[in-house]
Structures are given as structure tokens and as C-alpha cells.
Amino acid sequence: MTTNLVLQGPQADQATLERLAQLAKPQRLTVLGARCLRAEGVDYSAALKQEIDAAAFEAGVDATFIAAGRTLSDFRLVAMDMDSTLITIECIDEIADMQGLKPQVAAITEAAMRGELDFSESLMRRVALLEGLDASALQRVYDERLRISMGGEAMLQAVQGAGLKTLLVSGGFTFFTDRLKPRLGLDHTHANVLEVIDGKLSGRVLGGIVDAEEKKRTVQHVCAELGIDPSQAIVMGDGANDLKMMSIAGLSVAFRAKPVVREQANVALNFSGLDGLLTILA
């Protein structure tokens, strides 16, 4: 199969990009910018991908094999995980820090993201540790600690400008998705609801938990609303609970992801910002 190889990295120089590109024996090279290059007419194989992935990772470069001619216009929806994907933090870990419990909660979060723990069970365990915390801590996390991931706003502006719809689907909490929706002009959001009683967290989640299966259902539901097939969706995530929704996408993007996710995604952005997607689909 003949394909293209896109190479990019925020610290990459042209010589490094060209050296990596030549490993693929391309028919042509196209410079896409100061730190990105497209090797065109590459004879793809799994062995070649493995070789280039390893060399690129060592050089701090993101390498993506993609069918020639694919652009943003092939897609109608971008669906994103929130914590550690669209934003730089895990909200529950930062909320727990207000209780002096960040190490305990973060350890459970990490294990769940690696796929070592059932997500729903792990979420209930973590939320239970927050019982009694003043709900004002949520606003402090939003104001003081929540940051959009590198390239996130540029990526969203570009996809929205191209007419794509956006979905933020999260195993985190509606407190944060409800604020990000108007801030970023998102079309759809779906997340867990933290129960608050008398101004304090009860340690429980209201309603069903947004786990891996629910994330996939949400992508399918929004696609159905839009009258499109999931193959017209780009889905971005970082943890094991994102794999099911990524598996039905036309293009799956692993952002700063756990190894189990990087291995299964079409695109892995380990060094570039979220706007690296735009280079790949240029």
C-alpha cells in the first residue's frame, strides 16, 4: 500500500526530519512548515512503521502514516476526551489535592488510564475519597489549575472553521465540561455529575458513569444526530477508557497517551500539540 508519512516535532530541525523521511524511501518530500515534513509515495509495511516509530520517538518527532489525499474535509466531527487530552490536568487528582489526597487518588487514576483497573470502579473509589470537600474547590481547580493543552485552541478554531462539529466526552465531571463548552464554542459535551449536598461533595456520582462503553455510545449517538457514519469522526484520547470510542472512528488520535493507547491509535502525538492534527490532514 502506498501512503504518506508526516513527520513533525516542536524541537525538530529539517535535517532530522529529512533523515527520518529517507528511511521510508519516499518518492517526494514536501516541506509543510519549519518543523514538519511530508514524505509522499511511501511503500507502507508494518516493519517500516515499527522502524520509523522507534527512530522518530528517539528523535522527539511524531511520525504518522496516512493515506494520501486525506484532509479535514473528509470528516464531520471531532470528539475529544477532556482530562490529559483537551486539558493538561486530571481534574479529580487536582480536586483531591484540596483534600491532601492527591497521591492516593492519582495512583488510582494512573492505574485506570493504563487499563489495569475497571474505570467505573476506580472512579467510584476516587470520588468516595472526596466526601466532605467544600464544593468551592471545584471552582478553584478550574480557575487556578485547568489549562488547555498545547495547540488545543488552534486545533479547535481550525476544525470549527472547516465546519466540523465538536464533542467533549469525559469520564471527568460536568462542572468542568459545562464551563469549557461556551469558552471553546463546543457543540456537545457529556460527563459525570458530582453530587453536592449542602455545599459539600457527597462522595458519590449521580446517574450512570461515563465509562469506556458510554463514551463509545455517545460518539455513536452524536454521529447519528448529525446523520453521519462514525468513519467521518476523528476521536482523540489518552487513556485505556478512550479505546472503545477511538476504535469506531475514521481517525483515532492518541495525545500524550499511555503505551496501550499509542499502539492502537492511527495517530500518536507524543511531542506536537493537538494542532499537529492539522499538519497531518493538510
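This report concerns the structure included in the present document. Being a predicted model, the structure only gives us computed values, none of them experimental.

1. Points about the packing of helix H4 (residues 102–113) against helix H5 (residues 119–128)
Turning to step 1, where the next piece is worked out: Between H4 and H5, whose axes approach to 10 Å, the crossing angle comes to 170°. Relative to H5, H4 is oriented roughly antiparallel. Facing Val105, Ile108, Thr109, Ala112 and Met113 of H4, the residues of H5 in contact are Phe119, Ser122, Arg125 and Arg126.
Turning to step 2, where the next piece is worked out: Among the residues forming the contact of H4 with H5, the class breakdown is five nonpolar, two polar and two charged.

2. Examining unusual backbone geometry
Turning to step 1, where the next piece is worked out: Backbone geometry places Lys25, a non-glycine residue, at a positive phi of 50°.
Turning to step 2, where the next piece is worked out: By relative accessible area, which is 68% here, Lys25 ends up exposed.
Turning to step 3, where the next piece is worked out: A positive phi is found at Arg256, a non-glycine position, where the angle reads about 45°.
Turning to step 4, where the next piece is worked out: Within the fold, Arg256 resides in the loop between strand E10 (251–255) and helix H11 (259–264).
Turning to step 5, where the next piece is worked out: Among the residues examined, Arg256 registers a relative accessible area of 33% and is labelled partly exposed.

Reading the values: rules and limits
- Along each chain, residue indices are assigned from 1 in the same order as the chain's sequence is written.
- Since the coordinates come from a predicted model, pLDDT governs what is reported: local features require at least 70, and pairs of side-chain atoms require 80 or more to be given and counted, while whole-chain, interface and lining totals use all residues.
- Computation of side-chain values covers all heavy atoms of the structure but excludes hydrogens and water.
- Angular values range over 0 to 180 degrees, each being the angle between N-to-C directions of two axes fitted as lines to C-alpha atoms, with helices fitted over their stretch in contact.
- Starting at the N terminus, helices and strands are each numbered in turn, a helix being any DSSP run of H or I of at least four residues and a strand any DSSP run of E of at least two.
- Angular relationships are summarised with four words: roughly parallel below 35 degrees, roughly antiparallel beyond 145, roughly perpendicular across 65 to 115, and oblique for the angles in between.
- Only heavy atoms enter the contact rule, under which two residues are in contact if any of them lie within 4.5 Å.
- Residue polarity follows a fixed list, in which Ala, Val, Leu, Ile, Met, Phe, Trp, Tyr, Cys and Pro are nonpolar, Asp, Glu, Lys and Arg are charged, and the others, Gly among them, are polar.
- Only protein chains enter the accessibility calculation, which uses a 1.4 Å probe; a residue whose area is less than 20% of its type maximum is buried, one above 50% is exposed, and one in between is partly exposed.

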